[in-house]
Amino acid sequence: MNFDYSEEQQLLAASVRRFVEKQYDFDTRKKIITSAEGYSRSVWAGLADIGLLGLPLPVDAGGFGGGAVDLLSVMEAFGEALVVEPYLSTVIGARFVARAGTAAQKQALLPPIVAGQLKMAFAQTENGARYNLAHVATRARKDGSDYVLDGDKRVVLHAPCADRLIVSARTAGGDADTAGISLFVVDAHAPGLTQNSYRTIDGMPAADITLRGVRVGADALLGGEGEALPLIEEVTDFALALLCAEAVGAIKYANDATLEYLKTRKQFGVPIGAFQALQHRMVDMVISGEQARSMASLACAKVDSEHDPAERQRVVSAAKIRIADACRHVAQESVQLHGGMGMTDEMKVSHTFRRLTMIAQQFGDADHHLERFARP
């Protein structure tokens, strides 16, 4: 398989890199993550202006019809710059709508996303789920033509800055049954919905969400009632592939910063990069980065082309296992080779360490995906 970017992808990558270099230097990012909103409205508008919000959306909704492969260079650039804006969360929400929404739902939600006027988040994780997508205890009961939602969601990334939430809720069955799960589009400020907002260790805005008697109309249901699990698995695999691409960018920055430090930091009158033991460690970090890049490319290609869910899940899990290991290895080595200063808040490598640590856990850690990979 050819892992090189096409000419169009190279042009896109260059455009995205120019944008983040101009709009998203490290000092700007530090101001953004300490702001009240936790993201930049001007950066979000800029992403819309250069077409990135419409890149993965259907053409009839004003998008460009791109897939995960087309987003590879975008996510890599975002990973290198440590972008905290709700791009991936909104892409996930938009994909749910594009894959399962009615014509009216698509018309109401997708064009505003392309224009940068609507942000989304996916409320799925619950207490005790441990990455099991079928574990949904939140309930949605029918009340006339409406649905009433009750339950709790945990660590909903970018919920504080979202306008709409895609909420999984059970309309039938037990808490861990594969059937009976439905998806609903819920206003982030709906009566009965409360958010306990906070920041994750990598500076991302997140919230624990409580739903108590949240009433939504029948037009809030995405897809068939009780049939959402296959779609949730498909969209989560798509998100996983993009997350792997983001990790590649963060790993690249960590490697580049560490190599530069080894070249300039002197001990006993010579650069510490002259010591063979440190050279070997640096080489191992580069190898981890190249392996991660290959697996991220494979995962993105598979989620775009693979129609067999079992094979898609197997490849995506293999990629996440490799990526999680690379995140751990490169993050820890980059900090250790920088010495104590590598953990200071003033250095970008410490923020990269935190982001790589989160990526290794997001949508399932290595142990979870190893178990999924091994399933017959």
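The present account deals with the structure reproduced in this document. What you see is a predicted model; the values in this text were computed from it and never measured.

## A closer look at helix α5 (residues 87-100)
Turning to step 1, where the next piece is worked out: For α5, with 14 residues, the first-to-last C-alpha span of 20 Å sits near the 20 Å given by 1.5 Å per residue.
Turning to step 2, where the next piece is worked out: Within α5, 12 of the 14 residues are buried, leaving the element largely enclosed by the surrounding structure.
Turning to step 3, where the next piece is worked out: If you check which residues of α5 are buried, you get Tyr87, Leu88, Ser89, Thr90, Val91, Ile92, Gly93, Ala94, Arg95, Phe96, Val97 and Ala100.

## Focus on the environment of lysine 263
Turning to step 1, where the next piece is worked out: Following the sequence through the fold, lysine 263 ends up in helix α7 (residues 229-264).
Turning to step 2, where the next piece is worked out: Residue classification places lysine 263 among the exposed positions, given a relative accessible area of 53%.
Turning to step 3, where the next piece is worked out: Sequence separation between lysine 263 and phenylalanine 96 is 167 residues, and the spatial gap between their C-alpha atoms is 47 Å.

## Here's the deal with the packing of helix α8 (residues 276-305) against helix α9 (residues 309-338)
Turning to step 1, where the next piece is worked out: The interhelical angle for the contact between α8 and α9, taken along N-to-C directions, is 155°, at an axis separation of 8 Å. The angle between α8 and α9 places the two elements in the roughly antiparallel class. Handedness of the α8/α9 crossing: left-handed.

## Here's the deal with the pattern of salt bridges
Turning to step 1, where the next piece is worked out: Throughout the structure, instances matching the rule amount to 24 salt bridges.
Turning to step 2, where the next piece is worked out: Of the charged contacts, one joins aspartate 325 and arginine 328 as a salt bridge, the two residues approaching to 2.9 Å between their closest N and O atoms. Pair noted here: aspartate 325 and arginine 328 are both in helix α9, with a separation of three residues, about one helical turn.
Turning to step 3, where the next piece is worked out: Shared partners join several salt bridges into a network, and the residues in it are Arg17, Glu76, Glu80, Lys252, Asp256 and Arg293.

## Examining the nonpolar core
Turning to step 1, where the next piece is worked out: By size, the foremost hydrophobic cluster in this structure holds 94 residues, and its most contacted members are Leu47, Phe78, Tyr87, Phe96, Ile166 and Leu183.
Turning to step 2, where the next piece is worked out: Per element, the largest residue contribution to this core is 19 residues, and it comes from α7.
Turning to step 3, where the next piece is worked out: Apart from residues no more than four positions distant in its own chain, tyrosine 87 is found in contact with Trp44, Leu47, Leu52, Leu53, Pro56, Leu71, Val74, Met75 and Phe78.
Turning to step 4, where the next piece is worked out: Residues Ala162, Leu165, Ala190 and Ile209 belong to the second largest nonpolar core, which totals 23 residues.

## Some details on the packing of aromatic side chains
Turning to step 1, where the next piece is worked out: Per the counting criterion, the structure on display carries three aromatic pairs.
Turning to step 2, where the next piece is worked out: A cation over a ring is seen here: arginine 95 above phenylalanine 238, with NZ or CZ 3.8 Å from the ring centre.
Turning to step 3, where the next piece is worked out: Across from the ring centre of tyrosine 253, 4.3 Å away, lies the NZ or CZ of lysine 348, which sits over that ring.

## Overview of the pairing of strand β4 (residues 164-170)
A regular strand carries its side chains on alternate faces of the sheet.
Turning to step 1, where the next piece is worked out: Of all seven residues in β4, six are buried, a share of seventy percent or more.
Turning to step 2, where the next piece is worked out: Pairing analysis gives four bridges linking strand β1 (residues 120-123) to β4, with the strands arranged parallel. Considered in β4, the bridge of alanine 121 is made with leucine 165.
Turning to step 3, where the next piece is worked out: Relative to strand β5 (residues 181-187), β4 runs antiparallel, the two sharing seven bridges.

## Some words on the packing of helix α4 (residues 68-81) against α8
Turning to step 1, where the next piece is worked out: Orientation of α4 relative to α8, taken along the N-to-C sense of each, is 145°, at an axis distance of 8 Å. Between α4 and α8, the residues in contact are Ala68, Val69, Leu72 and Glu76 and Arg293, Ala296, Ser297, Cys300, Ala301, Val303 and Asp304, respectively.
Turning to step 2, where the next piece is worked out: Taken together, the residues of the contact of α4 with α8 sort by class into seven nonpolar, one polar and three charged.

## Description of unusual backbone geometry
If a residue is not glycine, its phi is most likely negative; likewise, a peptide bond is most likely trans.
Turning to step 1, where the next piece is worked out: Residues other than glycine seldom take positive phi values, yet leucine 82 does so here, at roughly 60°.
Turning to step 2, where the next piece is worked out: Within the secondary structure layout, leucine 82 lies in the loop between α4 and α5.
Turning to step 3, where the next piece is worked out: Owing to a relative accessible area of 2%, leucine 82 belongs among the buried residues under this scheme.
Turning to step 4, where the next piece is worked out: Residue valine 155 is not a glycine yet carries a positive backbone phi of 50°.
Turning to step 5, where the next piece is worked out: Looking at the secondary structure, you find valine 155 in strand β3 (residues 146-157).
Turning to step 6, where the next piece is worked out: On the basis of relative accessibility, which here comes to 42%, the residue valine 155 falls in the partly exposed class.

Cut-offs used in this document
- Residues numbered from 1 in each chain as written.
- Predicted model: local features only at pLDDT ≥ 70, side-chain atom pairs only at ≥ 80, totals over all residues.
- Heavy atoms only, no water.
- Helix = DSSP H or I, 4+ residues; strand = E, 2+ residues; numbered from the N terminus.
- Expected span 1.5 Å × (residues − 1).
- Buried < 20%, exposed > 50% of the residue type's maximum accessible area, 1.4 Å probe, protein only.
- Axes fitted to C-alpha atoms, helices over the stretch in contact; angles between N-to-C directions.
- Parallel < 35°, antiparallel > 145°, perpendicular 65-115°, else oblique.
- Left-handed = near helix turned anticlockwise from the far one by under 90°.
- Salt bridge = Lys/Arg side-chain N within 4 Å of Asp/Glu carboxyl O.
- Core = buried A, V, L, I, M, F, W, Y, C linked by side-chain atoms within 4.5 Å.
- Contact = heavy atoms within 4.5 Å.
- Phe/Tyr/Trp six-rings, centres within 6.5 Å; stacked < 30°, edge-to-face > 60°.
- Lys NZ or Arg CZ within 6 Å of the ring centre and 35° of its normal.
- Pairing = 2+ DSSP bridges.
- Nonpolar A, V, L, I, M, F, W, Y, C, P; charged D, E, K, R; others polar.

Keep in mind these numbers describe shape, not what the thing actually does.
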